[in-house]
Amino acid sequence: MLIPRTVHDRVGAIDGAFPHAYADDDYGLRARAAGLAVLQAPGAAGECTPNPQCAPIRGWAAWRDAQTTKGLPLRAQIRFFRRHGGVLWPVTLFAQQILMLAPLPHALRDEYRHSGE
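No experiment lies behind these values; they were computed from the predicted model shown. (Residues numbered from 1 in each chain as written. Predicted model: local features only at pLDDT ≥ 70, side-chain atom pairs only at ≥ 80, totals over all residues. Heavy atoms only, no water.)

A look at the overall build of the protein chain
Right, so step 1: Tallying secondary structure elements over the protein chain gives six helices and zero strands in all.
Right, so step 2: Overall, the protein chain shows an N-to-C arrangement of helices and strands of α-α-α-α-α-α.
Right, so step 3: Taking all 117 residues of the protein chain together, the buried fraction comes to 23%.
Right, so step 4: A separation of at least 24 residues holds for 54% of the contacts in the protein chain among residues at least 6 apart in sequence. (Helix = DSSP H or I, 4+ residues; strand = E, 2+ residues; numbered from the N terminus. Buried < 20%, exposed > 50% of the residue type's maximum accessible area, 1.4 Å probe, protein only. Contact = heavy atoms within 4.5 Å.)

What follows is the structure, encoded as structure tokens:
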């Protein structure tokens, strides 16, 4: 993320309370709320090998895995949704947590398992 000094002067610094996943999104939304244009370069600037598909995608194990810095920690989600989610942010947060904990239907679970092979 490249931030011109003029934008930094209007919006402020990146919120250091956010881990990996939320800081850029939060900053872009704050810049737009300040009436500034947000530009995204086309394509990718780099490439790396994909992460292995070994983490569970639903259930308590998935929820625990999401609490890491590169995951979607609950504390960061609360901060992000309170700031950008409008008056219904608690509903959005609650729905997301329920979906993460809910087991997948068997057909989707089987499809997910086979997609990593």
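Overview of the environment of Asp15
Right, so step 1: As for its placement among the helices and strands, Asp15 is situated in the loop between helix 1 (5–11) and helix 2 (23–33).
Right, so step 2: Residues Asp15 and Asp26, eleven residues apart in the sequence, show an inter-C-alpha distance of 7.9 Å.
Right, so step 3: Leaving out residues up to four positions away in the same chain, Asp15 has contacts with Ala23, Asp26, Arg30, Arg79 and Arg83.

Topic: the environment of Val91
Right, so step 1: Counting through the fold element by element, Val91 comes out in helix 5 (residues 89–101).
Right, so step 2: Note on Val91: relative accessible area 53%, which makes it exposed.
Right, so step 3: Along the chain, Val91 and Phe81 lie ten residues apart, while their C-alpha atoms are 9.8 Å from each other.

A closer look at the nonpolar core
Right, so step 1: The biggest cluster of nonpolar side chains holds eight residues, and these are Phe18, Tyr22, Ala23, Ala76, Phe80, Phe81, Trp89 and Leu93.
Right, so step 2: Contributing elements (two or more residues each) for this core: helix 4 (74–84) and helix 5.
Right, so step 3: Sequence-distant contacts of Phe81, defined by excluding residues within four places in its chain, comprise Gly86, Trp89, Thr92, Leu93 and Gln96.
Right, so step 4: Ranked by size, the runner-up nonpolar core spans five residues in total, among them Val7, Val11, Ala31 and Leu36. (Core = buried A, V, L, I, M, F, W, Y, C linked by side-chain atoms within 4.5 Å.)

A word on the packing of helix 4 against helix 5
Right, so step 1: The N-to-C vectors of helix 4 and helix 5 enclose an angle of 150°; their axes lie 9 Å apart at closest approach. Put simply, helix 4 runs roughly antiparallel to helix 5. For the pair helix 4 and helix 5, the sense of crossing is right-handed. Between helix 4 and helix 5, the contacting residues are Leu74, Gln77, Ile78, Phe81 and Arg82 on the first element and Trp89, Thr92, Leu93, Gln96 and Gln97 on the second.
Right, so step 2: Across the contact of helix 4 with helix 5, the residue classes break down as five nonpolar, four polar and one charged. (Axes fitted to C-alpha atoms, helices over the stretch in contact; angles between N-to-C directions. Parallel < 35°, antiparallel > 145°, perpendicular 65-115°, else oblique. Left-handed = near helix turned anticlockwise from the far one by under 90°. Nonpolar A, V, L, I, M, F, W, Y, C, P; charged D, E, K, R; others polar.)

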